[in-house]
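Examining the three-dimensional arrangement
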Amino acid sequence: SLGLEVYAGGERRQLLLVAAPDASRVLLVEHKLRRGVEGDTPLLLLLRKYLRDGVLTAVTQPDPYERVLHLAFAHKEHGPTTLVVELIGRRPNLLLLRPDGRILECLHRHPAGEKVERVLLPGRLYTPPPPQAKLPPLDDGQLDYYEQLAAVLAAPGPIARVLVAKIAGLSPTAAREVAWRAAGDAEAPASAANVLAYAAALGLTRFAL
């Protein structure tokens with residue numbers, strides 16, 4: 001976890017970034033965040049150097065349906081950096097980047113190997129997570145969007161599990177909410193409701209980090 005105190009609009013706000021496999025999230029908290037580590041890691045030392053007394057200039061989400069945030073910082077002495085927050089998969093990550101996109105340090109290093117999708121090491125150029133071949137959760141104007149959604153719903157098994165596998169931006173919790181809204185049962189099969197009911201439920205579901 002990483003805590004940032006951000007002063008904006010005349011208020012001090014506590015921003016908490018949690019890169020934990022079962023509870024990754026980004027949120028504002030009411031209480032003041034405290035130091036909770038026994039030793040300083042290389043990433044923490046660099047974050048203190050480049051972020052402390054810096055200015056948070058922008059927060060962007062490159063893909064609206066992917067759990068990745070870019071926090072851009074500017075420091076009067078050390079210059080600009082970007083903190084990338086990846087809350088995806090079983091190993092969420094925090095990465096600090098130079099202006100040229102090269103990695104200064106990261107929470108989890110991924111050296112080259114047979115099962116590594118991306119090499120994430122200090123000095124290497126950062127590459128974003130590969131795009132997922134999933135259907136957007138909301139109608140994006142594709143002529144056959146509802147036909148594709150119907151094909152997704154035709155898959156066997158509980159609809160919540162199917163939605164996580166086939167719809168972009170859905171966590172297991174959000175998928176269960178969609179199933180409950182559409183069919184009245186979080187463990188319902190796809191046959192429990194029609195395509196329009198699922199489309200409406202997807203439109204009412206919050207996609208949040």
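As a reminder, the structure under discussion sits directly above these lines.
Here is a short report on the structure shown in this document.

Conventions and cut-offs
Residues numbered from 1 in each chain as written. Predicted model: local features only at pLDDT ≥ 70, side-chain atom pairs only at ≥ 80, totals over all residues. Heavy atoms only, no water. Pairing = 2+ DSSP bridges. Helix = DSSP H or I, 4+ residues; strand = E, 2+ residues; numbered from the N terminus. Axes fitted to C-alpha atoms, helices over the stretch in contact; angles between N-to-C directions. Parallel < 35°, antiparallel > 145°, perpendicular 65-115°, else oblique. Left-handed = near helix turned anticlockwise from the far one by under 90°. Contact = heavy atoms within 4.5 Å. Nonpolar A, V, L, I, M, F, W, Y, C, P; charged D, E, K, R; others polar. Phe/Tyr/Trp six-rings, centres within 6.5 Å; stacked < 30°, edge-to-face > 60°. Buried < 20%, exposed > 50% of the residue type's maximum accessible area, 1.4 Å probe, protein only. Core = buried A, V, L, I, M, F, W, Y, C linked by side-chain atoms within 4.5 Å. Arc of directions from axis to C-beta.

All right, on to the sheet that holds strand β6 (residues 79-86) then. Spatial ordering of the open sheet is given by β4-β5-β6-β7-β8, a layout of five strands whose pairing is antiparallel. Of all the strands in the sheet, the pair left with one neighbour each is β4 (55-60) and β8 (103-106). Here the average twist between neighbouring strands, direction ignored, is 20°. Here β6 runs beside strand β7 (residues 93-97); their pairing, made up of five bridges, is antiparallel. Across the sheet, threonine 82 pairs through a bridge with leucine 97, a residue of β7.

Between helix α3 (residues 159-166) and helix α4 (residues 172-183), whose axes approach to 8 Å, the crossing angle comes to 130°. Put simply, α3 runs oblique to α4. As α3 packs across α4, the resulting crossing turns out to be right-handed. Contacts between α3 and α4 involve Ile159, Ala160, Leu163 and Val164 on the former and, on the latter, Pro172, Ala175, Arg176, Val178 and Ala179. Looking at side-chain class alone, the contact of α3 with α4 contains eight nonpolar, no polar and one charged residues.

This part takes up the packing of aromatic side chains. Applying the stated criterion to the full structure yields one aromatic pair. Ring geometry for tyrosine 145 and tyrosine 146: centres 5.3 Å apart, planes at 85°, overall edge-to-face. You can call tyrosine 146 partly exposed: its relative accessible area is 35%.

This part takes up the nonpolar core. In this structure, Leu149, Ile159, Leu163, Ile167 and Leu170 are the most contacted members of the largest nonpolar core, which totals 22 residues. Put simply, the parts of the chain that give this core at least two residues each are α2 (145-153), α3, α4 and α5 (195-204). Excluding its chain neighbours within four sequence positions, the residues that come into contact with leucine 149 are Leu135, Ile167, Val195, Ala199 and Leu202. Phe73, Val85, Leu94 and Leu96 belong to the second largest nonpolar core, which has 19 residues in total.

Let's shift gears to helix α1 (residues 42-51). Listing the buried residues of α1 in full gives Leu43, Leu44, Leu47, Tyr50 and Leu51. In a view along the axis of α1, the buried residues occupy a sector of 140°, so they form one face of it. In this structure, the buried residues of α1 make contact with β1 (2-8), β5 (68-75), β6, β7 and β8. Positive phi shows up at aspartate 53, right after α1, with a value of about 70°.

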